[in-house]
Amino acid sequence: TGIPLGMFEGMSWRQKSVNMNPGDLLVMYTDGATEAQNSEGEEYGETRLLKGVVNDLKSSRSAQDIAAHLLSGIEQFSGDTPQFDDITLMILQRVES
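Residue positions are given per chain, counted from 1 along the sequence in the order it is written. Local features in this predicted model are restricted to residues of pLDDT 70 or higher, and side-chain atom pairs are both shown and tallied only at a pLDDT of 80 or more, whereas totals for entire chains, interfaces and linings draw on every residue. As a convention, hydrogens and water are excluded, and side-chain values are obtained from all of the structure's heavy atoms.

Description of the nonpolar core
Okay, so step 1: Think of a nonpolar core as a cluster: buried Ala, Val, Leu, Ile, Met, Phe, Trp, Tyr and Cys residues, connected wherever their side-chain atoms sit within 4.5 Å. Any residue under 20% of the maximum accessible area for its type is buried, any over 50% is exposed, and the rest in between are partly exposed; the area is computed with a 1.4 Å probe on protein chains only. Counting 13 residues, the largest nonpolar core has Tyr-44, Leu-49, Leu-70, Ile-74, Leu-89 and Ile-91 as the members making the most contacts within it.
Okay, so step 2: Comment: elements are numbered from the N terminus, with helices defined as DSSP H or I runs of at least four residues and strands as E runs of at least two. Looking at this core, the elements that each hand over two or more residues are helix H2 (45–58), helix H3 (63–78) and strand S2 (89–93).
Okay, so step 3: Examining the composition of this core, we find that six residues originate from one element, H3, more than from any other.
Okay, so step 4: Beyond its immediate stretch of four places on either side in the chain, Tyr-44 contacts Ala-33, Thr-34, Ala-36, Leu-49, Gly-73, Ile-74 and Phe-77. Only heavy atoms enter the contact rule, under which two residues are in contact if any of them lie within 4.5 Å.

Given below as C-alpha cells:
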C-alpha cells in the first residue's frame, strides 16, 4: 500500500518476499477498478472484485481469463457511466512447475 511507485521523488517503500505455490494468484489493481461507479454513484468495491476472483478460481480460469472477466464485470456494472480514473489490473498466477 502507499503512494504509487515512481509518482514522487524521495519516497520509500518496504520490500517483502512471498512464496507462491502452484495455483496461487496475486491480484494487483488500481483504485479505479474498485472506485468505478454505476449510474447511481455506487462504487464497484473490493467485495465485488474479490467475489469475481474467487468465482473465477473455482472455475480454474487462467490469469488472463480472470483479468478479462473482471474487467468485463466492471464494465457491465458501470454501464455508460463515464469513469474518472484509470482501471488497471495485473494478475500473476503460479502454474505447476
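Structure shown, so let's carry the discussion forward.
With respect to H3
Okay, so step 1: Over its 16 residues, H3 extends 23 Å from the first C-alpha to the last, a length consistent with the 22 Å expected when each residue adds 1.5 Å.
Okay, so step 2: Within H3, the full set of buried residues consists of Ala-63, Ile-66, Ala-67, Leu-70, Ile-74, Phe-77 and Ser-78. Buried residues of H3 fall within an arc of 100° about the axis and therefore sit on the same side. Along H3, exposed side chains directed more than 90 degrees from the buried face belong to Gln-64, Glu-75 and Gln-76.
Okay, so step 3: Contacts made by the buried residues of H3 are with strand S1 (25–29), helix H1 (31–34), H2 and S2. The length a helix should cover is 1.5 Å for every residue beyond the first. Working note: the arc is built from the helix axis to C-beta atom directions.

A look at H2
Since there are 3.6 residues in each turn of an α-helix, residues three or four apart along the chain are aligned in direction.
Okay, so step 1: If you check H2, its first and last C-alpha atoms are 21 Å apart, about what 14 residues at 1.5 Å a residue would give, namely 20 Å.
Okay, so step 2: Restricting attention to buried positions, one finds in H2 the residues Gly-45, Leu-49, Gly-52, Val-53 and Asp-56. On an axial view of H2, the arc spanned by its buried residues comes to 130°, and they lie on one face. With respect to the buried face of H2, the exposed residues turned more than 90 degrees away are Glu-46, Thr-47, Leu-50, Lys-51 and Lys-58.
Okay, so step 3: The inward-facing, buried residues of H2 contact S1, H1, H3 and S2.

Structural notes on the packing of aromatic side chains
Okay, so step 1: Here a Phe, Tyr or Trp ring, Trp counted by its six-membered ring, pairs with any other such ring whose centre lies within 6.5 Å, and the pair is stacked when the planes are under 30 degrees apart, edge-to-face when over 60, and tilted otherwise. Evaluated as defined, the whole model comprises one aromatic pair.
Okay, so step 2: Judged by centre distance (5.4 Å) and plane angle (75°), the rings of Tyr-44 and Phe-77 are edge-to-face. Of this pair, Tyr-44 sits in the loop between H1 and H2 while Phe-77 is found in helix H3, placing the two residues 33 residues apart along the sequence.
Okay, so step 3: You can call Tyr-44 buried: its relative accessible area is 8%.

Let's talk about the pattern of salt bridges
Here the idea is simple: oppositely charged side chains can pair when their charged atoms come close.
Okay, so step 1: Any Lys or Arg side-chain nitrogen found within 4 Å of a carboxyl oxygen on Asp or Glu counts as a salt bridge. Tallied over the entire structure, the rule returns two salt bridges.
Okay, so step 2: For Glu-42, the salt bridge is made with Arg-48, and the minimal N-O distance between the two is 2.9 Å.
Okay, so step 3: For Arg-48, a relative accessible area of 32% corresponds to the partly exposed category.
Okay, so step 4: Across the pair Arg-61 and Asp-56 runs a salt bridge whose closest N-O atoms are separated by 3.5 Å.

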